[in-house]
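For reference, the chains in residue letters:
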Amino acid sequence: MKKWMRNMLKRKTTLLLASVAMTVALSGCGKADQAVSSGAAQPQADKSAASAKDSKPVELNFYFSGSANVKEMWETLVPQFEKANPGVKVKLVHLPDGQAEGAAIDKVLGAKKAGQKSVDIDLFETGLSNLTKGEKDGVWLKLDQSIIPNVSKVDASYMKDVHELAVPYRASSVVLAYNSKNVPTPPKTADEMYDWIRKHPGKFAYNDPATGGSGSSFVQTVIYNYLPAEAIHTEDKAIMQQWDKGFKLLQDLGPFMYQKGVYPKKNQGTLDILASGEVDMIPAWSDMALESLSKKTLPDTIKLTQIEPAFTGGPSYIAIPAMSEKKEAAEKFINYALTPEAQTVVINKMYGYPGIKWSEMPSDLQKKFESVSKGYRTFTIGSLGDEINKRWQREVAGGN
């Protein structure tokens, strides 16, 4: 009896195991058939999905300085860039006016000198002086059409000025702002402007050149119009010996200036007395004047024009520190900033000139800016500008 029971149990166990094996086999076949019929390799798809889910966008640290309108411009442009480039995020680091920009360039230079392999600044908006400061230490990545195709849209002379170490993304220039109600025919040349000043005593003003770029541009233009054209691109102190004629003219014009030789402080100072009607003509930054006209802080009788030879102007640049570990994403961002779409935002937000050629911009914007878009001269005289200001204080401001 016991033997019979053992045999029965053995047969049941065998049957049960066979049944389980068949169920597992059928289940496996079903899954295989399902994978084949769907045309998908399920395990590989799961792996790819997991990889895509785990990947994070590259985050660029973009350091920039400037007033509120610069900040607002980037806060408009960055989301547009990120939407078009979902694999890249841009963290904006706004540097307050003053010493902050200098501290940022010192950080890059310090990292280089300390032998660090990387730095957490991937994009840096700056001017010529900082680019020059970092060039000898090799802290900037060279930028050209091979890595940023839209550099082809930029005036080649601007790239040459900075040895292709940065890309100009916007610009402005000093122009002649005048009250068309009292000045129906504005001067077209520098000599005509000087004649107008003499014939209209007290009706022209420029600010102290040490307090703002528009006054500095007026002074430098007077001085360098007596020198060879290439002089505006040298920092050689020997050229200081050729400044006498220009300073003599500045002295001669002094008694014909606003209140017989009063020089307002800052760029805004001259705009204020133009708005109030105390003067009829001033040199002014194009972007400041256009914004003031748009906001009605300047009357609509104020018009803008450029003279010949032109006043000074210049671009704002974006550079990539050579130690950035995110160069490819940074290059993509700069390339986007040079598209006509991005440049239109620059113009509308900043009232500035585009970093790319005007011919690349929509025709309606070209027409809107035709009065001030006739060009300008970029003066790259470095520390000579400080020497001009010192001499101006002694011989022009101090002489009146």
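A short tour of the structure in this document, coming up. (Residues numbered from 1 in each chain as written. Predicted model: local features only at pLDDT ≥ 70, side-chain atom pairs only at ≥ 80, totals over all residues. Heavy atoms only, no water.)

**A word on the packing of helix α8 (residues 213-224) against helix α9 (residues 244-253)**
Right, so step 1: Contact geometry for α8 and α9: axes closest at 7 Å, N-to-C directions at 125 degrees. The pairing of α8 with α9 is recorded here as oblique in orientation. Considering how the two elements wind past one another, α8 and α9 form a crossing that is right-handed. Here Phe218, Val219, Val222 and Ile223 of α8 lie close against α9, whose contacting residues are Gly246, Phe247, Leu249, Leu250 and Leu253.
Right, so step 2: Of the residues belonging to the contact of α8 with α9, the class tally is eight nonpolar, one polar and no charged. (Axes fitted to C-alpha atoms, helices over the stretch in contact; angles between N-to-C directions. Helix = DSSP H or I, 4+ residues; strand = E, 2+ residues; numbered from the N terminus. Parallel < 35°, antiparallel > 145°, perpendicular 65-115°, else oblique. Left-handed = near helix turned anticlockwise from the far one by under 90°. Contact = heavy atoms within 4.5 Å. Nonpolar A, V, L, I, M, F, W, Y, C, P; charged D, E, K, R; others polar.)

**Examining the nonpolar core**
It is characteristic of soluble globular proteins that their nonpolar side chains tend to be buried jointly.
Right, so step 1: Judged by nonpolar contacts, the single largest core of 60 residues is most densely connected at Trp74, Leu123, Phe333 and Ile334.
Right, so step 2: It is helix α3 (residues 68-84) that provides the largest number of residues to this core, a total of six residues.
Right, so step 3: Leave out the neighbours within four places in its chain, and Phe333 touches Leu60, Phe62, Trp74, Val78, Phe81, Val90 and Leu123.
Right, so step 4: Counting 37 residues, the second-largest nonpolar core is a separate cluster that includes Tyr194, Tyr206, Val222 and Met257. (Core = buried A, V, L, I, M, F, W, Y, C linked by side-chain atoms within 4.5 Å. Buried < 20%, exposed > 50% of the residue type's maximum accessible area, 1.4 Å probe, protein only.)

**Notes on helix α11 (residues 286-294)**
Right, so step 1: Across the nine residues of α11, seven count as buried, placing the element largely inside the fold.
Right, so step 2: What α11 keeps buried is the set Ser286, Asp287, Ala289, Leu290, Glu291, Ser292 and Leu293.
Right, so step 3: Directly beyond the C-terminal end of α11, a positive phi value near 65 degrees is found at Lys296.

**Observations regarding the environment of Ser146**
Right, so step 1: Relative to the helices and strands, Ser146 is located in the loop between α5 (128-135) and α6 (156-161).
Right, so step 2: By relative accessible area, Ser146 is classed as exposed at 64%.

**Observations regarding the pattern of salt bridges**
Right, so step 1: For the coordinates displayed, the defined rule picks out 13 salt bridges.
Right, so step 2: The salt bridge involving Arg391 is made with Asp244; its shortest N-O contact spans 2.8 Å. Linking Arg391 in helix α15 (residues 384-397) with Asp244 in helix α9, this pair joins segments that are 147 residues apart in sequence.
Right, so step 3: Residue classification places Arg391 among the buried positions, given a relative accessible area of 14%. (Salt bridge = Lys/Arg side-chain N within 4 Å of Asp/Glu carboxyl O.)

**Points about the packing of α9 against α15**
Right, so step 1: With their axes 10 Å apart at the nearest point, α9 and α15 run at an angle of 45 degrees to one another. Taken as axis vectors, α9 and α15 run oblique relative to one another. The handedness of the crossing between α9 and α15 comes out as right-handed. Seen from α9, the contacting residues are Asp244, Phe247, Leu250 and Gln251; seen from α15, they are Ile388, Arg391, Trp392, Glu395 and Val396.
Right, so step 2: Tallied by class, the residues present in the contact of α9 with α15 amount to five nonpolar, one polar and three charged.

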